[in-house]
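# Understanding the architecture of this molecule
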Amino acid sequence: TISSGGSLTVEPGGVLSNTSISSGGTINGFTLAQNISCASGINIWNATVAGEARVTSDQAATGITVLTGGAMRVEESGFTSMTTVRTGGVLEVAGGKAVLTTVLVDGTMIVSSGGSTSSATLSGGVMSLGSGGIADWTEAHTGGRVVLSGGTARNTQVESGGSVTMLDGIAMATEISAGGVMENFATVNFTILSSGGVLVVSSGHANGAIVYSGGMV
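Here's a quick rundown of the structure. Treat the numbers as computed from the prediction; the structure is a model and nothing was measured.

## Focus: the overall build of the chain
Of the regular secondary structure elements, the chain holds zero helices and 32 strands. Taking 2.2 N^0.38 as the reference for a compact globule, 217 residues should give roughly 17 Å; the C-alpha atoms of the chain span a radius of gyration of 19 Å, in line with that estimate. With the principal axes as the frame, the chain shows a C-alpha extent of 60 × 30 × 25 Å. When contacts within the chain are restricted to residue pairs at least 6 apart in sequence, those whose partners lie at least 24 apart make up 4%. In the form shown here, the chain has an accessible surface area of approximately 9100 Å², with 52% of it arising from carbon and sulfur atoms.

This is the structure:
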């Protein structure tokens, strides 16, 4: 049993069996918000990250909040779901997968080689997508930004106050609605511009764009 204030670290390849962790206890950098029992491996629910935390091979973390100054790294075959990244927090996905992530104002999400994300919402936060990273079904609004320096972004929705900057990589099936802006220096395919949406092709290529009344290229 790991009590409040206690700390436990399980290295990759290690297995945790029949262990109870009380609210306030810490495991691999995660401080638990409620009592849990780990049957095997590490499956973490409803925790906060104020320092550094890591989700690695065959580990999972659900309902995590990354606080100011906190950093969570998802690597190898690690998996995280329903993570919230607050101001000054960082979530890095490098080899693992993150789904249903919310990045708030001045929070940062980094997706690098081998990492993937699905259904992320950027509400004033930033997603940085690097070479070899994949982002599916991202929504950016109210100051949310996607910056591609490589990798592939698919089915991105850019809404009022949101933006996408394409420095390198490929964006496919992007939809830009009123108040959304996409600036392209690379390659975008099958972009849909609704009324009030703007695509700026500074250099690079825009293929197969569909521009509805009020949209602008």
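## Observations concerning a nonpolar patch on the surface
Residues I170, M172 and F190 make up a contiguous nonpolar surface patch of about 270 Å² in total accessible area. Following the sequence through the fold, F190 ends up in the loop between strand 28 (187-189) and strand 29 (192-193).

## Here's the deal with the pairing of strand 11 (residues 71-75)
Taken together, the four bridges between strand 8 (residues 52-55) and strand 11 define a ladder with parallel strand orientation. Bridging from a neighbouring strand, R54 pairs with R73 of strand 11. Strand direction decides the pairing type here: strand 11 and strand 14 (residues 90-94), joined by five bridges, are parallel. Its bridge partner lying in strand 14, A71 is registered against V90.

## Quick notes on unusual backbone geometry
Within the chain, N28 stands out as a residue other than glycine whose phi angle is a positive 50 degrees. Looking at where N28 falls in the secondary structure, it is placed in the loop between strand 3 (26-27) and strand 4 (30-32). Among the residues examined, N28 registers a relative accessible area of 12% and is labelled buried. If you check the backbone angles, W137 has positive phi at about 55 degrees while not being a glycine. In this structure, W137 sits in the loop between strand 21 (134-136) and strand 22 (139-141).

## Notes on the pattern of salt bridges
It is possible for side chains of opposite charge to pair when their charged atoms get near one another. Scanning all chains against the criterion turns up four salt bridges. Between E75 and R54 there is a salt bridge whose closest N-O contact spans 3.3 Å. One end of the pair, E75, is in strand 11; the other, R54, is in strand 8, and 21 residues separate them in sequence. Among the residues examined, E75 registers a relative accessible area of 10% and is labelled buried. The salt bridge involving R73 is made with E75; its shortest N-O contact spans 2.6 Å. The exposure class assigned to R73 is partly exposed, which follows from its relative accessible area of 32%. Where salt bridges share partners, they join R54, R73, E75 and E92 into one cluster.

Calculation criteria
- Residues numbered from 1 in each chain as written.
- Predicted model: local features only at pLDDT ≥ 70, side-chain atom pairs only at ≥ 80, totals over all residues.
- Heavy atoms only, no water.
- Helix = DSSP H or I, 4+ residues; strand = E, 2+ residues; numbered from the N terminus.
- Rg over C-alpha atoms; globule rule 2.2 N^0.38 Å.
- Contact = heavy atoms within 4.5 Å.
- Areas by Shrake-Rupley, 256 points an atom, 1.4 Å probe, with all protein chains shown as cover.
- Patch = residues over 30% accessible without salt bridge, like charges linked within 9 Å, V, L, I, M, F, W, Y side chains within 5 Å.
- Salt bridge = Lys/Arg side-chain N within 4 Å of Asp/Glu carboxyl O.
- Pairing = 2+ DSSP bridges.
- Buried < 20%, exposed > 50% of the residue type's maximum accessible area, 1.4 Å probe, protein only.

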